[in-house]
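Chains, contacts and geometry: an overview
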Amino acid sequence: DAGVIQSPRHEVTEMGQEVTLRCKPISGHNSLFWYRQTMMRGLELLIYFNNNVPIDDSGMPEDRFSAKMPNASFSTLKIQPSEPRDSAVYFCASSLVQINTGELFFGEGSRLTVL
Amino acid sequence: SQKIEQNSEALNIQEGKTATLTCNYTNYSPAYLQWYRQDPGRGPVFLLLIRENEKEKRKERLKVTFDTTLKQSLFHITASQPADSATYLCALEVDSGYALNFGKGTSLLVTP
């Protein structure tokens, strides 16, 4: 399996622009997670989906952030409008959740820089 | 609120020694705890999972302990090697289940 695939790997944009990050989870996994990592705050859970349904989006920092999972093989995280404080590495992870959360498989991340 | 604490100071040890990393948590009653490794510019990679009824778990040179009374997990790497240099993260399930909260990680540097 190719693992979790994220795109783009790097994104540099200007404040106010819309940013869309993409994720393809591992086939057969039923849960998908979006995390954000910064030096100051570490790895923060933004939102997660189970069977394509958003379960908890309480980690989404503001209304400027939105996430969708239209099918089992694709998810997007959108920031509109972007701000410099959104600069971070955004990770997507997937897992096969049964009774409890199992091992998370992470993508390589999308490094976002907002100027 | 749930809190996970890992030593923010980097741990520097000599090759061949045992590295011990600590993960403390508060306001949690987790059923299990996980440890991940993260290399610079890469996503975290799963290492070990230990359940609340398991006191100790081993995998090759790795050993994890889980003390639910102390609310602490210790992660040991025996016979450490320079290739073990990385950041190590502990993770606990969120209250609602289905997802994990992570500590900020501890950076380990193993020198020859």
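For the structure, see preceding data.
A few points on the structure. (Residues numbered from 1 in each chain as written. Chains lettered and ligands numbered in written order. Predicted model: local features only at pLDDT ≥ 70, side-chain atom pairs only at ≥ 80, totals over all residues. Heavy atoms only, no water.)

**Concerning the interface of chain B and chain A**
Definition in use: When checking whether two residues touch, look at their non-hydrogen atoms; a contact exists if any pair is within 4.5 Å. Accessible area that two parts lose when put together, evaluated with a 1.4 Å probe and summed over both, is termed the buried area. Criterion for a salt bridge: a side-chain nitrogen of Lys or Arg within 4 Å of a carboxyl oxygen of Asp or Glu. The helix count covers DSSP runs of H or I at least four residues long, the strand count covers runs of E at least two residues long, and both are numbered beginning at the N terminus. By the convention adopted, Pro, Cys, Tyr, Trp, Phe, Met, Ile, Leu, Val and Ala count as nonpolar, Lys, Arg, Asp and Glu as charged, and the other residues, Gly among them, as polar.
At the junction of the two partners, chain B supplies 20 residues and chain A supplies 22 residues. Here chain B meets chain A over a buried area of about 1700 Å², counting both sides, of which 52% is carbon and sulfur. Applying the counting criterion to the chain B and chain A interface returns one salt bridge. The residue Glu108(A) makes a salt bridge to Arg42(B) at a minimum N-O spacing of 2.7 Å. At the level of elements, β4 (32-38), β9 (86-93) and β10 (100-102) of chain B are the ones that each hand at least two residues to the side of chain B that touches chain A. Examining the composition of the side of chain B that touches chain A, we find that four residues originate from one element, β4(B), more than from any other. Residues that form the side of chain B that touches chain A fall into these classes: 10 nonpolar, seven polar and three charged.

**Things to note about the nonpolar core**
Residues and elements named next belong to chain B. Rule in force here: As used in this record, nonpolar core signifies buried Ala, Val, Leu, Ile, Met, Phe, Trp, Tyr and Cys residues forming a set joined through side-chain atoms within 4.5 Å. Type-normalised accessible area, obtained with a 1.4 Å probe on protein chains alone, sets the label of each residue: buried when under 20%, exposed when over 50%, and partly exposed for intermediate values.
Core analysis: the biggest nonpolar cluster contains 23 residues, and Leu33, Trp35, Phe75, Ile77, Tyr88 and Leu108 have the highest contact counts within it. Every element with two or more residues in this core is listed here: β3 (19-26), β4, β5 (45-51), β7 (62-67), β8 (72-77), β9 and β11 (106-111). Residues contacting leucine 108, with those up to four places away along its chain left out, are Leu11, Ile13, Ala19, Ile77, Asp84, Ser85, Ala86 and Tyr88.

**Concerning the pattern of salt bridges**
With the rule as written, the count across this model stands at 15 salt bridges over all chains. A salt bridge links Glu83(A) to Arg64(A), with the nearest nitrogen and oxygen atoms 3.5 Å apart. Of this pair, Glu83(A) sits in the loop between β8 (74-79) and β9 (88-95) while Arg64(A) sits in the loop between β6 (53-56) and β7 (65-71), placing them 19 residues apart in sequence. Residue Arg64(A) is classed as buried on the basis of its relative accessible area, which comes to 10%. With a shortest N-O distance of 2.9 Å, Asp84(B) and Arg61(B) are connected by a salt bridge.

**Digging into unusual backbone geometry**
Residue and element names in this part refer to chain A. Of the consecutive residues serine 7 and proline 8, the connecting peptide bond is found in the cis state with omega at -10°. Within the fold, proline 8 resides in the loop between β1 (5-7) and β2 (10-13). In this structure, the amide linkage connecting glutamine 80 to the following residue, proline 81, adopts the cis form with an omega of -5°. Mapped onto the fold, proline 81 is located in the loop between β8 and β9. In this structure, asparagine 52 takes a positive phi of about 70° despite not being glycine. Inspection of the secondary structure assignment puts asparagine 52 in the loop between β5 (42-50) and β6.

**Observations regarding the sheet that holds β8(A)**
All names here are of chain A. Where we set the bar: Strand pairing follows a simple DSSP-based rule, namely that at least 2 bridges must link the two strands. Here the axes come from fitting lines to C-alpha atoms, over the contacting stretch only for helices, and the angles between their N-to-C directions go from 0 to 180 degrees.
In space, the four strands of this open sheet follow the order β1-β3-β8-β7, with antiparallel pairing throughout. Each edge of the sheet is formed by a strand with only one pairing partner; in this case those strands are β1 and β7. Ignoring which end each strand starts from, the neighbouring axes of this sheet average 15° apart. Where β7 lies against β8, five bridges are found, and the strand directions are antiparallel. Bridge pairing in β8 places phenylalanine 65 opposite isoleucine 79.

**So, the side chain of Ser73(B)**
Residue and element names in this part refer to chain B. This is how it is decided: Contacts described as polar in this section are N or O atom pairs within 3.5 Å, which, within protein, must combine one atom able to donate a hydrogen with one able to accept it, while residues neighboring in sequence count only if both atoms come from side chains.
Structurally, the position occupied by serine 73 is in strand β8. Since its relative accessible area comes to 0%, serine 73 is described here as buried. Among the polar contacts made by the side chain of serine 73, one reaches the main-chain carbonyl oxygen of threonine 65 at a distance of 2.8 Å. Each residue touching serine 73, except ones within four places of it in the same chain, is listed here: Leu21, Thr22, Cys23, Leu33, Trp35, Val64, Thr65 and Phe66.

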